[in-house]
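Structural features, examined
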Amino acid sequence: VGDKFKGAPIVNELLTLSENKRDQLTIILAGYEDEMNKKFFAYNEGLKSRFQEVIFEDFDEAELTKIWTDMRKARHWHEEDPRLTSVLIKRLIKSANRKGFGNAREVRKRLEQATAAAMAREDFNPQTMMLTIADVIGENP
């Protein structure tokens, strides 16, 4: 159950503060649910009952589409093929609900990878700032 020697004093102090300063202090704990339960809350049986749990669901297809479109437009990039966003988002949705899926962070990473690929193309035109499906998905997806 974690490293009690290093973690227990921190958890105990957090527990004390959460009780003694509850009217003056807001504590936000963030982490993957399974790790929080197995490691963090395992230090003290009463710890979990002192915090209200809020679970953030992954973004859905429409939300990821808006994030991609907004990020892409903010950087003045355009899509050569109108299916590009749909193809990308469908691929991202396959990764959703898995540990490590970063939602907006994943969209940003994909956009950064796509723009780097686009700028590396021999036919890249900085006047049009055009993304191709190959830039976003790869040559042979």
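Structural notes, computed from the coordinates. (Residues numbered from 1 in each chain as written. Predicted model: local features only at pLDDT ≥ 70, side-chain atom pairs only at ≥ 80, totals over all residues. Heavy atoms only, no water.)

Points about the packing of helix H3 (residues 61-74) against helix H4 (residues 84-95)
Running from amino to carboxyl end, H3 crosses H4 at an angle of 125°, the nearest separation of the two axes being 10 Å. Taken together, the axes of H3 and H4 lie oblique to each other. At the point where H3 passes H4, the crossing takes the right-handed sense. Of H4, the residues touching H3 (which contributes Glu-61, Leu-64, Thr-65, Trp-68 and Thr-69) are Leu-84, Thr-85, Leu-88, Ile-89, Lys-90, Leu-92 and Ile-93. For the contact of H3 with H4, the residue count by class is seven nonpolar, three polar and two charged. (Axes fitted to C-alpha atoms, helices over the stretch in contact; angles between N-to-C directions. Helix = DSSP H or I, 4+ residues; strand = E, 2+ residues; numbered from the N terminus. Parallel < 35°, antiparallel > 145°, perpendicular 65-115°, else oblique. Left-handed = near helix turned anticlockwise from the far one by under 90°. Contact = heavy atoms within 4.5 Å. Nonpolar A, V, L, I, M, F, W, Y, C, P; charged D, E, K, R; others polar.)

Section: the packing of aromatic side chains
With the rule as written, the count across this model stands at two aromatic pairs. Between Phe-40 and Phe-41 the ring centres are 5.4 Å apart and the planes differ by 70°, which places this aromatic pair in the edge-to-face class. On the basis of relative accessibility, which here comes to 18%, the residue Phe-40 falls in the buried class. (Phe/Tyr/Trp six-rings, centres within 6.5 Å; stacked < 30°, edge-to-face > 60°. Buried < 20%, exposed > 50% of the residue type's maximum accessible area, 1.4 Å probe, protein only.)

Considerations on the environment of Arg-121
Tracing the backbone through its elements, the reader meets Arg-121 in the loop between helix H5 (104-120) and strand S2 (130-131). Note: C-alpha distance between Arg-121 and Asp-135 (14 residues apart in sequence) is 8.8 Å. Those residues within four positions of Arg-121 in sequence are excluded, and the remaining contacts are Met-130, Thr-132 and Asp-135.

A word on the environment of Arg-83
Note that Arg-83 resides in the loop between strand S1 (78-79) and H4. Using a relative accessible area of 54% as the deciding quantity, one classes Arg-83 as exposed. Between the C-alpha atoms of Arg-83 and Ile-133, which are 50 residues apart in sequence, the distance is 8.4 Å. A distance of 2.6 Å separates polar atoms of two side chains, one belonging to Arg-83 and the other to Asp-81. (Polar contact = N/O pair within 3.5 Å; in protein donor to acceptor, adjacent residues only side chain to side chain.)

Some thoughts on the nonpolar core
In this structure, Trp-68, Leu-88, Leu-92, Val-107, Leu-131 and Val-136 are the most contacted members of the largest nonpolar core, which totals 20 residues. Counting residues per element, the ones that place at least two in this core are H3, H4, H5 and helix H6 (133-137). In contact with Leu-131, not counting residues within four places along its chain, are Trp-68, Arg-72, Trp-77, His-78, Glu-79, Glu-80, Leu-84, Leu-111, Ala-114, Thr-115, Ala-118 and Val-136. Counting residues in each nonpolar core, the second largest holds ten residues, with Val-11, Phe-41, Leu-47 and Phe-51 among its members. (Core = buried A, V, L, I, M, F, W, Y, C linked by side-chain atoms within 4.5 Å.)

Quick word on unusual backbone geometry
Of note, His-76 is a non-glycine position whose phi angle comes to about 65°, a positive value. Secondary-structure assignment places His-76 in the loop between H3 and S1. For His-76, a relative accessible area of 56% gives the class exposed.

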